[in-house]
Amino acid sequence: MKKSSNTINIKNRKARFEFEILDKFIAGIKLSGTEIKAIRLGKASIAESFCEFQNNELFVINMTVEEYSHASHFNHDPKSARKLLMKRRELNKLEKEVKNSGLTIVPLRLFINDRGLAKLQISLAKGKKLYDKRETIKDRDSKRRLDRIKKDFN
């Protein structure tokens, strides 16, 4: 079942700007049939999504998976909460960090692995203050300027 055109890689570009990434995890997602078909077509977005615990289980909230165009009345809800599948030890660690430290769990990337399963890369993150965001912008601009000078010099 290996496909050579496995290029589904949906990123949350805002996450690295809004949050300081502390630790990363890979989690599976519990999906229905039409949801995985829509993700394989690239019809998903994790831009405004976040993760939270409900009854000792981790769910991704606000992840948008558009309705599958070829489905009948059995289509899925685009904004429903989706359960994340992880080892109990990892879930306990994440839950403890979120409760004690006030950290956030943010999705970074949605991708399809080599076995054809949808995976979500999540991270334990700490929100940046406004001055940290300004510093990030400054660093990015100076790096861009430096690269431009190097390119012109060579």
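Calculation criteria
- Residues numbered from 1 in each chain as written.
- Predicted model: local features only at pLDDT ≥ 70, side-chain atom pairs only at ≥ 80, totals over all residues.
- Heavy atoms only, no water.
- Helix = DSSP H or I, 4+ residues; strand = E, 2+ residues; numbered from the N terminus.
- Buried < 20%, exposed > 50% of the residue type's maximum accessible area, 1.4 Å probe, protein only.
- Contact = heavy atoms within 4.5 Å.
- Areas by Shrake-Rupley, 256 points an atom, 1.4 Å probe, with all protein chains shown as cover.
- Lys, Arg positive; Asp, Glu negative; His and termini not counted.
- Charge placed at Lys NZ, Arg CZ, Asp CG, Glu CD.
- Salt bridge = Lys/Arg side-chain N within 4 Å of Asp/Glu carboxyl O.
- Pairing = 2+ DSSP bridges.
- Core = buried A, V, L, I, M, F, W, Y, C linked by side-chain atoms within 4.5 Å.

## A look at the overall build of the protein
Now for step 1: A count of helical and extended segments in the protein gives four helices and nine strands.
Now for step 2: Reading the secondary structure of the protein in the N-to-C direction produces β-α-β-α-β-β-β-β-β-α-β-β-α.
Now for step 3: Structurally, the protein occupies a C-alpha span of about 60 × 40 × 25 Å along its principal axes.
Now for step 4: The burial tally for the protein puts 33% of its 154 residues in the buried class.
Now for step 5: Look at the contacts in the protein between residues 6 or more apart in sequence, and 67% of them connect residues 24 or more apart.
Now for step 6: Carbon and sulfur atoms form 49% of the exposed surface of the protein, whose accessible area is close to 10400 Å².
Now for step 7: Charge separation in the protein, taken as the distance between the mean sites of 36 positive and 20 negative side-chain charges, equals 4 Å.

## Comments concerning the pattern of salt bridges
Charged atoms that come close allow side chains of opposite charge to pair.
Now for step 1: Counted according to the given criterion, the structure contains eight salt bridges.
Now for step 2: We note a salt bridge from E48 to K14, for which the minimum N-O separation is 3.4 Å. Taken as a pair, E48 in the loop between strand 3 (44-45) and strand 4 (50-54) and K14 in helix 1 (residues 13-18) lie far apart in primary sequence, 34 residues in all.
Now for step 3: A salt bridge links D141 to R144; the shortest N-O distance between them is 3.4 Å. Linking D141 with R144, this pair stays in helix 4 (residues 130-153), spanning three residues, or about one helical turn.
Now for step 4: Residue D141 is classed as partly exposed on the basis of its relative accessible area of 32%.
Now for step 5: Judged by relative accessible area, which is 42%, R144 ranks as partly exposed.

## Section: the pairing of strand 7 (residues 82-85)
Now for step 1: Taking every second residue as pointing to the same face, the buried face of strand 7 carries R82 and L84, while none of K83 and L85 on the other face is buried.
Now for step 2: For strand 2 (residues 19-29) and strand 7, the ladder comprises two bridges, and the chain directions are antiparallel. For G28, the partnering residue across the bridge sits in strand 7 and is L85.

## A look at the environment of S101
Now for step 1: Here S101 shows up in helix 3 (residues 88-101).
Now for step 2: For S101, a relative accessible area of 45% puts it in the partly exposed group.
Now for step 3: Taking the C-alpha atoms as reference, S101 lies 38 Å from D147; in sequence the two are 46 residues apart.

## Here we look at the nonpolar core
Soluble globular proteins: nonpolar side chains tend toward being buried together.
Now for step 1: If you look at the biggest cluster of nonpolar residues, it comprises 27 residues, and the most contacted ones within it are L58, L84, L110 and I122.
Now for step 2: With sequence-adjacent residues up to four places away left out, L110 is seen in contact with I8, N9, I10, I29, I39, A44, I46, M63, K119 and L120.

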